[in-house]
Amino acid sequence: MIAIKLWLDDCRPAPEGYVWVKSVNEAINLIGDVEEHLGIATISLIDIDHDAGDYVNDGGDYIRLLDWLEETSRNYPIRIHSQNPVGVINMRRIIERNGWKEIR
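Remember, it's a predicted structure, so these values are computed and weren't measured experimentally. Note that residues are indexed from 1 along each chain, following the sequence as it is written. Only residues with pLDDT of at least 70 get local features here, since the model is predicted, and only at 80 or more are side-chain atom pairs given and counted; chain-wide, interface and lining totals rely on the full set of residues. With hydrogens and water excluded, all non-hydrogen atoms of the structure serve as input to the side-chain values.

## Brief notes about the overall build of the protein chain
Looking only at helices and strands, one finds three helices and four strands in the protein chain. The principal-axis extents of the C-alpha atoms in the protein chain amount to approximately 35 × 30 × 25 Å. Buried means the residue's accessible area, taken with a 1.4 Å probe over protein chains only, is under 20% of the maximum for its type, while exposed means over 50%, and partly exposed covers the values in between. For the protein chain, with 104 residues in total, the buried portion stands at 41%. Contacts are residue-level and defined by heavy atoms, with any inter-residue pair within 4.5 Å sufficient. Across the protein chain, every contact between residues at least 6 apart in sequence was considered, and the portion connecting residues at least 24 apart equals 62%. Per-residue and other accessible areas were derived by the Shrake-Rupley procedure at a 1.4 Å probe size, with only the shown protein chains allowed to occlude residues. Summed over all atoms, the accessible surface of the protein chain reaches about 5,700 Å², with 49% contributed by carbon and sulfur. Only four residue types enter the charge count: Lys and Arg as positive, Asp and Glu as negative, with His and the chain ends excluded. To locate a charge, the coordinates of NZ of Lys, CZ of Arg, CG of Asp or CD of Glu are taken. The averaged location of the 18 negative side-chain charges in the protein chain is 7 Å from the averaged location of its 11 positive side-chain charges. Put simply, DSSP marks the helices as runs of H or I at least four residues long and the strands as runs of E at least two long, and each gets a number from the N terminus on.

## Some remarks on the side chain of Asp-9
On the secondary structure map, Asp-9 appears in the loop between strand 1 (2-8) and strand 2 (18-21). Under this definition, polar contacts are N or O atom pairs within 3.5 Å; protein pairs additionally need one hydrogen-donor-capable and one acceptor-capable atom, and for neighbouring residues in sequence, both atoms have to be side-chain atoms. Within the structure, Asp-9 has its side chain in polar contact with the backbone nitrogen of Cys-11 (distance 2.9 Å). In this structure the side chain of Asp-9 is engaged in a polar contact, spanning 2.8 Å, whose partner is the side chain of Arg-12. Those residues within four positions of Asp-9 in sequence are excluded, and the remaining contacts are Trp-20, Val-21, Lys-22, Asp-49, Tyr-62 and His-81.

## Brief notes about the packing of helix 2 (residues 63-71) against helix 3 (residues 85-98)
Only C-alpha atoms enter the line fits that serve as axes; for helices the fit covers just the stretch in contact. Angles between N-to-C directions range over 0 to 180 degrees. Interaxial distance between helix 2 and helix 3 falls to 10 Å at its minimum, and their mutual angle equals 15°. In terms of their interaxial angle, helix 2 and helix 3 are classed as roughly parallel. Between helix 2 and helix 3 lies a crossing whose hand is left-handed. Contacts between helix 2 and helix 3 involve Ile-63, Leu-66, Asp-67 and Glu-70 on the former and, on the latter, Asn-90, Met-91, Ile-94, Ile-95, Arg-97 and Asn-98. Only Asp, Glu, Lys and Arg are considered charged, only Ala, Val, Leu, Ile, Met, Phe, Trp, Tyr, Cys and Pro nonpolar, and every remaining residue, Gly among them, polar. Residues belonging to the contact of helix 2 with helix 3 are distributed by class as follows: five nonpolar, two polar and three charged. These descriptions rest on fixed angle ranges, namely under 35 degrees for roughly parallel, over 145 for roughly antiparallel, 65 to 115 for roughly perpendicular, and the rest for oblique. Crossing chirality is assigned from the near helix's rotation relative to the far helix, an anticlockwise turn below a right angle marking it left-handed and a clockwise turn marking it right-handed.

## Structural notes on the sheet that holds strand 4 (residues 78-80)
Two strands are counted as paired when DSSP detects at least two bridges linking them. Strand order in the open sheet formed by four strands is 2-1-3-4, and the pairing between neighbours is parallel. Each edge of the open sheet carries a strand with a single partner, namely strand 2 and strand 4. Within the sheet, the average angular offset between the axes of one strand and its neighbour, ignoring direction, is 30°. Pairing of strand 3 (residues 41-48) with strand 4 involves three bridges; the strand directions are parallel. Bridging from a neighbouring strand, Ile-48 pairs with Ile-80 of strand 4. This element, helix 1 (residues 24-36), spans strand 1, strand 2 and strand 3 of the sheet and lies at about 170° to strand 1. The strands touched by helix 2 within the sheet are strand 1, strand 3 and strand 4, with strand 3 carrying the most contacts at an inclination of about 140°.

Structural data, given as structure tokens:
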């Protein structure tokens, strides 16, 4: 099985071994594609920024991905790499409320 690590960031390139997506909608589409092929691939980590920059018009700031995961009862390990302290607090609130695993 292929374990996919998703890197959601508008400007920082993904580290080696990650799939880089730049918008919330692109991330949702990738997760949907992976879920359609369960048994072949899985999401092992979502490494997420907060501020979407120029990609905000394609699904909102990246906290919206966490909102979508919550609304659709999905659960993946999350790592936050944002430099936005208020954004990090708000994202952690969603992670903790859902009992998701945060990788620090």
